[in-house]
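# Observations on chain architecture
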Amino acid sequence: MLTNQAALQSKLNLAMQKMHQGQYQQALVVFSQLEESGMKDFRLFLTIGSAYQRLKQDIKALEYFKKSLSLNSEQAELQFIVGKMFKKIGELKQGIAHLEVATKLESSNVNYLQELGFIRLMHKDFQIALSIFLQTVKSNSHKTLALLGIARAYAGLGNEIERIKYIGLAELSDPNHPMVINDKARLLSEQGEYVESKGYFKKYLEQRPSNDEGYENLALIELQLKNPQGALDIIDAGLSRLPNSRLLHKFKSSLSFEMGQENYLGNYQQITRNKMPINLHTDFIQALVKSGNFTAAEAEFDWLVKKAPPSINLHALWMSIQEKQQNYEVILDFYQKLGTELKRLPNSVLEILTRTYFALGSFKLSIDTVSELVLREPNNQYFWALYTTSLRLLRDERYHELCNFSKFVQSRELILPNRFTCIEDFNSELKVALQTLHVTKEHPLEQSLISGTQTPGELLNRPIPIIKELNKALRLTAEQVFSNLPKNLPKPLLQMKKEFEFSASWSVNLKSSGYHKSHVHSKGYFSSAYYVSVPKDLNHSKRAGWLYLGKPEVVSTVELKAEKWVKPEPGKLVLFPSFMWHGTEPFKSIDNRLTVAFDILPK
């Protein structure tokens, strides 16, 4: 224990010397002695945080930066740094709070304002972001990024004309800025100008060769151009430069699976275990679990625990392995030994616990865990699906208020585009266009689809004339449905209104014996199925190929059957809340079942 001021100063000088020499770990040893001696100074905690940051230990850095701010909150630069760190880890509300303090302390600092604008964009506060960027655009040194920020804000507000205008102004301001190139490439892609978009994405990668999203975007363009092998080649090029990219490894394994490659996890297996980063190793184990290879998953987990420090996320990974093997008693016993209160558990653990309670018949306990989930993420439709399942198992009347199938599941005949006089002609032309877009051999990895294919990218953004007409027809039909929705909507749908946007869209081509496992769409508000082509020889008496709703994809001591079925008919659009469990019954036929699906979000 240090006892006098001279000794304290000597230790402090030594620690600072180590910092200046780049010996951050050694500096931290001395700093910890100073902290243990009772020294509490905002500058000490700031410097400790800086040491951790240089060692790339951001969680510890954030802990000490917050300690520093608790002693002196008027450190504008530190408020800025902490705000950016929260932005990086996705804690947007906290990031906004710190960045707003920074801008108040130094209102003329354009860097601070601009960072606040970009995090506001991420939080979907588009009008606030727009007002911020309209302030910063007056600064010549920040003009290009401000113009881009304005363009992105207008995109969020649904004003495509202004978005295009300001991307153009940003390109005039600095045509070689990587963010300008990237935004222009995305705009061209959305407009269906894939060849030109590909050129911009290539140019972006020339400037940012270590950006894994750049490789992903370029690979997605190759898929839009019906060149899946070219997409794989681009991902391989990215992995040769960024061998530990989680994004590229996930893309590679998923696309390899869809291309029909047997060893679709080979990209993970090529990495030496001792050299595989913890997060990447975790992804590999999760992929093995989803593929049903539990023996390999447990072997890899045994390796992981040797190099990874104990953490609740590691516990969650182990619990997920046990859940897939239906070792529910083991999970519950492990959780009870942890002794961690619900509010301190991550969402991943709460999800596993909820499903474990279903499997063990502990329905009253399940409502506690899932209530915490919907409290944390009220817009997560999967959490609402678990919540409704809990209510149904408890025979709680609130279940019928949320899952009122007669009220919220709507079927409509598609409003035909003007140039067609019958739905058969429209669907016939649409079918030809869709079939050319199904470029893979197998169903997507880690999705509900079994024995079929799915189109890549955003289907309804494609510039193909018949797809444009489909987009308009679907929008008009959906508007008709939403204008007649009941006024007293349940909580998960409260924000739903007549003005909406398609948040995702795709086509599914189901083969004989194909089906969808029961699932939900966690990021939508309403989901859909539009029937383009349906086999004529379906056994309708057994509801073959029919859409069903209400049957949860969970293990439970009480069997929960489907509560509503919808007969597939060409030209029919079905809309239903995204939190409702839904799937399709398998069918046998010489013909395929072709559909278009999309998710909807309120504007």
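Residues numbered from 1 in each chain as written. Predicted model: local features only at pLDDT ≥ 70, side-chain atom pairs only at ≥ 80, totals over all residues. Heavy atoms only, no water.

## Comments concerning the overall build of the protein
Helix and strand counts for the protein stand at 27 helices and 9 strands. Computed over its C-alpha atoms, the radius of gyration of the protein comes to 27 Å, within 12% of the 25 Å expected for a compact globule of 603 residues. Considering only C-alpha atoms, the protein reaches an extent of 90 × 65 × 50 Å along its principal axes. Expressed as a percentage of the 603 residues in the protein, the buried residues total 52%. For the protein, the share of sequence-separated contacts (at least 6 apart) that also reach a separation of at least 24 residues comes to 65%. Total accessible area on the protein stands at roughly 29200 Å², and carbon and sulfur atoms take up 49% of it. Computed over 74 positive and 63 negative side-chain charges, the separation of the two mean positions in the protein equals 1 Å. (Helix = DSSP H or I, 4+ residues; strand = E, 2+ residues; numbered from the N terminus. Rg over C-alpha atoms; globule rule 2.2 N^0.38 Å. Buried < 20%, exposed > 50% of the residue type's maximum accessible area, 1.4 Å probe, protein only. Contact = heavy atoms within 4.5 Å. Areas by Shrake-Rupley, 256 points an atom, 1.4 Å probe, with all protein chains shown as cover. Lys, Arg positive; Asp, Glu negative; His and termini not counted. Charge placed at Lys NZ, Arg CZ, Asp CG, Glu CD.)

## Here we look at helix H12 (residues 194-207)
Its 14 residues place the ends of H12 20 Å apart at the C-alpha level, agreeing with the 20 Å of an ideal helix rising 1.5 Å per residue. Within the sequence span of H12, burial applies to Tyr194, Ser197, Tyr200, Phe201, Tyr204 and Leu205. Down the axis of H12, the smallest arc covering the buried residues is 140 degrees, so these residues share one side. Seen from the open side of H12, the exposed residues pointing more than 90 degrees away from its buried face are Val195 and Glu206. For H12, the elements touching its buried residues are helix H10 (160-173), helix H11 (178-190) and helix H13 (212-224). (Expected span 1.5 Å × (residues − 1). Arc of directions from axis to C-beta.)

## Points about the side chain of Asn509
For Asn509, the position within the fold is in strand S3 (residues 500-519). Residue classification places Asn509 among the buried positions, given a relative accessible area of 15%. Setting aside residues no more than four positions away along its own chain, Asn509 makes contact with His438, Gly452, Thr453, Asn592, Arg593 and Leu594.

## Considering the packing of H10 against H11
Where H10 contacts H11, the axes come no closer than 10 Å and their chain directions differ by 145 degrees. Relative to H11, the crossing made by H10 is left-handed. Residues Glu160, Arg163, Ile164, Ile167, Ala170 and Glu171 of H10 touch H11, and the partners they reach there are Val180, Asp183, Lys184, Leu187 and Glu190. (Axes fitted to C-alpha atoms, helices over the stretch in contact; angles between N-to-C directions. Left-handed = near helix turned anticlockwise from the far one by under 90°.)

## Thoughts on the confidence of the model for the protein
In this model, the protein carries an average pLDDT of 93, and 99% of its residues clear a pLDDT of 70 or more. For the protein, per-element mean pLDDT is lowest for helix H1 (residues 5-20), which scores 81, and highest for strand S5 (residues 547-549), which scores 98. (pLDDT = per-residue confidence, 0-100.)

## Some points on the packing of aromatic side chains
What describes a pair of aromatic rings is the distance from one ring centre to the other and the angle between the planes of the rings. This structure, assessed with the given rule, holds 16 aromatic pairs. Taken together, a centroid distance of 4.8 Å and an interplanar angle of 45 degrees make the contact between Trp318 and Phe334 tilted. In this pair, Trp318 is assigned in helix H19 (residues 312-324) and Phe334 in helix H20 (residues 328-338), connecting sequence segments 16 residues apart. Here the aromatic rings of Phe482 and Phe500 are separated by 5.3 Å at their centres, their planes lie at 75 degrees, and the arrangement is edge-to-face. Within this pair, whereas Phe482 is found in helix H27 (residues 465-483), its partner Phe500 is found in strand S3, the two being separated by 18 residues in sequence. Classification of Phe482 as buried rests on a relative accessible area of 6%. (Phe/Tyr/Trp six-rings, centres within 6.5 Å; stacked < 30°, edge-to-face > 60°.)

## A look at the packing of helix H22 (residues 363-376) against helix H23 (residues 381-393)
H23 packs onto H22 with a crossing angle of 155 degrees between their chain directions and a minimal axis gap of 9 Å. The pairing of H22 with H23 is recorded here as roughly antiparallel in orientation. Pair H22 / H23 crosses with left-handed handedness. When H22 is examined against H23, the residues Phe363, Ser366, Ile367, Val370, Ser371, Leu373 and Val374 are found in contact with a partner set consisting of Phe383, Trp384, Leu386, Tyr387, Ser390, Leu391 and Leu393. (Parallel < 35°, antiparallel > 145°, perpendicular 65-115°, else oblique.)

## Here we look at H22
For H22, spanning 14 residues, the distance from its first C-alpha to its last is 20 Å, which sits close to the expected 20 Å at 1.5 Å a residue. Regarding H22, the residues found buried are Phe363, Ser366, Ile367, Thr369, Val370, Glu372, Leu373 and Val374. If you follow the buried residues of H22, they end up packed against helix H21 (347-360) and H23.

## What about the pairing of strand S9 (residues 593-602)?
Among the 10 residues that make up S9, 10 are buried, leaving the element largely enclosed by the rest of the structure. Burial along S9 is two-sided: the residues Arg593, Thr595, Ala597, Asp599 and Leu601 and Leu594, Val596, Phe598, Ile600 and Pro602 are all buried. As defined by bridge partners, S3 adjoins S9 across 10 bridges and the pair is classed as antiparallel. Bridge pairing links Ser505 to Phe598 in S9. (Pairing = 2+ DSSP bridges.)

## Notes on the environment of Ile234
Counting through the fold element by element, Ile234 comes out in helix H14 (residues 228-241). It is 8.1 Å that separates the C-alpha atoms of Ile234 and Glu216, two residues lying 18 residues apart in sequence.

## A few points about unusual backbone geometry
Its identity is not glycine, yet Arg395 carries a phi of approximately 55 degrees, on the positive side. Not every positive phi belongs to a glycine, and Ser513 is a case in point at roughly 75 degrees. Among the secondary structure elements, Ser513 is positioned in strand S3. The exposure class assigned to Ser513 is partly exposed, which follows from its relative accessible area of 30%.

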